[in-house]
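# Close look at the chain arrangement
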Amino acid sequence: MIAFSLAGLLVGVAVGVTGVGGGSLMTPLLILIFGFAPSAAVGTDLLYAAGTKGFGTWLHGRQQTVDWSVVGLMASGSLPAAVLTIFWLHYVGLDPWVEHLMTITLCVAIIATAVLTLVRKRIMARIGEENLGESGLPPRLLALRPAITVVGGVVLGVLVTLSSVGAGVLGTTLLLLLYPRRAAIRIVGTDIAHAVPLTLVAGMGHLSLGTTDLPVLGFLLLGSLPGIYLGTRLGSRLPDGLLRPIISVLLLVIGASMLFDSVVSLTSAG
């Protein structure tokens, strides 16, 4: 069980230093290193994410760096989507093809996270160069922004429930594109605040499916909370320009290799 705490510590440090979502690191770690089934890895990681991000939400709430109206819009799409996805999993059961679907969804989410992590600074620089008025968006897009925020929440709800990945980098990127004039700290705080109820609802759904290992969850949290604190302190001293690409390339390799193995396995079974 000490190995799980060490894994939590390493992931916590990586998250604290680079800001890369813990799900994109922890879930494949549970599958590849500890031999978890995809459903068990996702179910355990969801409650792990809810626990680690709950503290972050409390801090951002105290600093008033959470846009609760945007959280409400995203949650109005993501929470029903998560509940419906859990109902669907209960209905179809955790057959091998469902496990394959969860693995493929996880791999696609990891690859998307890696790519967006690499180009995030370019996106932010491009947004900064645009001169589109106070909102930073064309008038037509501005009128549709609330609806797009809800739809984005729906996509995140399904993605997070099936893979445990998406509430971090993908959610942040969505907010950066839709709310380009918001301060970066408010974007981060809003995304973290939205991730807590989403991962909690999805995690409780997986708990009802019996795919959550509670003892392992406890040991992961035991290591990750001090890891995040340590990583946050180290983040100001280590070269982010070097560490972020390394993490991104690692995620690309993991996601691509897992996707290839899953497709080959699915093809052989068929």
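Above this text sits the structure in question.
Below is a summary of the structure that appears in this document.

Rules behind the numbers
Residues numbered from 1 in each chain as written. Predicted model: local features only at pLDDT ≥ 70, side-chain atom pairs only at ≥ 80, totals over all residues. Heavy atoms only, no water. Core = buried A, V, L, I, M, F, W, Y, C linked by side-chain atoms within 4.5 Å. Buried < 20%, exposed > 50% of the residue type's maximum accessible area, 1.4 Å probe, protein only. Helix = DSSP H or I, 4+ residues; strand = E, 2+ residues; numbered from the N terminus. 1 Å grid on protein atoms, 1.4 Å probe; cavity = no way out; pocket = protein on both sides within 12 Å on 5 of 7 lines; lining within 4 Å. Points joined across faces, edges and corners; volume = space filled by probe spheres on them. Nonpolar A, V, L, I, M, F, W, Y, C, P; charged D, E, K, R; others polar. Expected span 1.5 Å × (residues − 1). Bend = angle between axes of the 7 residues up to and from the residue. Phe/Tyr/Trp six-rings, centres within 6.5 Å; stacked < 30°, edge-to-face > 60°. Contact = heavy atoms within 4.5 Å. Axes fitted to C-alpha atoms, helices over the stretch in contact; angles between N-to-C directions. Left-handed = near helix turned anticlockwise from the far one by under 90°. Parallel < 35°, antiparallel > 145°, perpendicular 65-115°, else oblique.

By size, the foremost hydrophobic cluster in this structure holds 34 residues, and its most contacted members are Leu30 and Leu220. The element best represented in this core is helix H5 (residues 96-129), accounting for 5 residues. Judged by nonpolar contacts, the second largest core, of 14 residues, contains Val42, Ala167, Ala202 and Leu209.

What follows concerns the layout of surface pockets. Computed from the structure, the second largest pocket encloses a volume of approximately 280 Å³. Around the second largest pocket sit 13 residues that line it, and Leu10, Val11, Leu25, Leu29 and Leu250 are the ones nearest its centre. Those elements giving two or more residues to the lining of the second largest pocket turn out to be helix H1 (2-18), helix H2 (23-32) and helix H10 (240-269). Among the residues forming the lining of the second largest pocket, the class breakdown is 13 nonpolar, no polar and no charged.

Compared with the 36 Å implied by 1.5 Å per residue over 25 residues, the 35 Å span of helix H6 (residues 139-163) between its first and last C-alpha is a close match. Its maximal kink placed at arginine 145, H6 deviates by approximately 55 degrees, while the proline proline 146 follows within four residues. Along H6, the positions that sit buried rather than exposed are Arg145, Thr149, Gly152, Gly153, Leu156, Gly157, Leu159, Val160, Thr161, Leu162 and Ser163.

Scanning all chains against the criterion turns up 3 aromatic pairs. Aromatic side chains phenylalanine 4 and phenylalanine 36 sit 6.1 Å apart centroid to centroid with 70 degrees between the ring planes, which places their arrangement in the edge-to-face category. Taken together, the residues phenylalanine 4 in helix H1 and phenylalanine 36 in the loop between H2 and helix H3 (38-62) connect sequence positions 32 residues apart. Comparing phenylalanine 4 with phenylalanine 36 shows no difference in burial state: the two are buried. Within the aromatic cluster, the residues linked to one another by ring pairs are Phe4, Phe34 and Phe36.

With that settled, the discussion passes to the environment of valine 154. Along the chain, the position of valine 154 falls in helix H6. Along the primary structure valine 154 and serine 78 are separated by 76 residues, whereas in three dimensions their C-alpha atoms are 4.4 Å apart. Not counting the four nearest positions on each side in its chain, valine 154 is found in contact with Gly77, Ser78 and Ala81.

Once that is clear, we can look at empty space enclosed by the protein. One pass over the full model with this rule turns up 1 cavity of 30 Å³ or more. Computed from the structure, the largest cavity encloses a volume of approximately 50 Å³. Every residue along the wall of the largest cavity is listed here: Asp67, Val70, Leu175, Tyr179, Arg182, Arg186, Ile187 and Thr190. In terms of residues, the lining of the largest cavity owes the most to one element, helix H8 (residues 184-209), which gives 3 residues.

Moving on: the environment of leucine 30. Secondary-structure assignment places leucine 30 in helix H2. Residue leucine 30 is classed as buried on the basis of its relative accessible area, which comes to 0%. Sequence separation between leucine 30 and valine 42 is 12 residues; the distance between their C-alpha atoms is 8.9 Å. Here leucine 30 is in contact with Phe4, Gly35, Phe36, Ala41, Thr44 and Leu220, once residues within four sequence places are set aside.

Further remarks concern the packing of helix H4 (residues 68-92) against H6. Orientation of H4 relative to H6, taken along the N-to-C sense of each, is 35 degrees, at an axis distance of 7 Å. For H4 against H6, the interelement crossing comes out right-handed. Counted together, Val70, Leu73, Met74, Ser76, Gly77, Ser78, Ala81, Ala82, Thr85, Ile86, Trp88 and Leu89 of H4 and Pro146, Thr149, Val150, Gly153, Val154, Leu156, Gly157, Val158, Thr161 and Leu162 of H6 form the full contact between these two elements. Here the residues of the contact of H4 with H6 are counted per class, giving 14 nonpolar, 8 polar and no charged.

Let us now look at the packing of helix H7 (residues 169-178) against H8. The relative placement of two packed helices is expressed as an angle between their axes plus a distance between the axes. One can describe the packing of H7 onto H8 by two numbers: an axis separation of 9 Å at closest approach and a directional angle of 130 degrees. By the angle between their directions, the pair H7 and H8 is classed as oblique. Here H7 and H8 pass one another in a crossing that is right-handed. Mapping the contact onto sequence places Gly171, Thr172, Leu175 and Leu176 in H7 and Ile187, Thr190 and Asp191 in H8. Its residues assigned to classes, the contact of H7 with H8 shows 3 nonpolar, 3 polar and 1 charged.

Quick look at H3 now. Owing to its 3.6 residues per turn, the α-helix aligns residues three or four sequence positions apart on the same side. Helix length check: H3, at 25 residues, gives a terminal C-alpha distance of 36 Å against a target of 36 Å (1.5 Å per residue), a fit within 8%. Considering bend angle alone, the principal kink of H3 is centred on lysine 53 and spans about 25 degrees.

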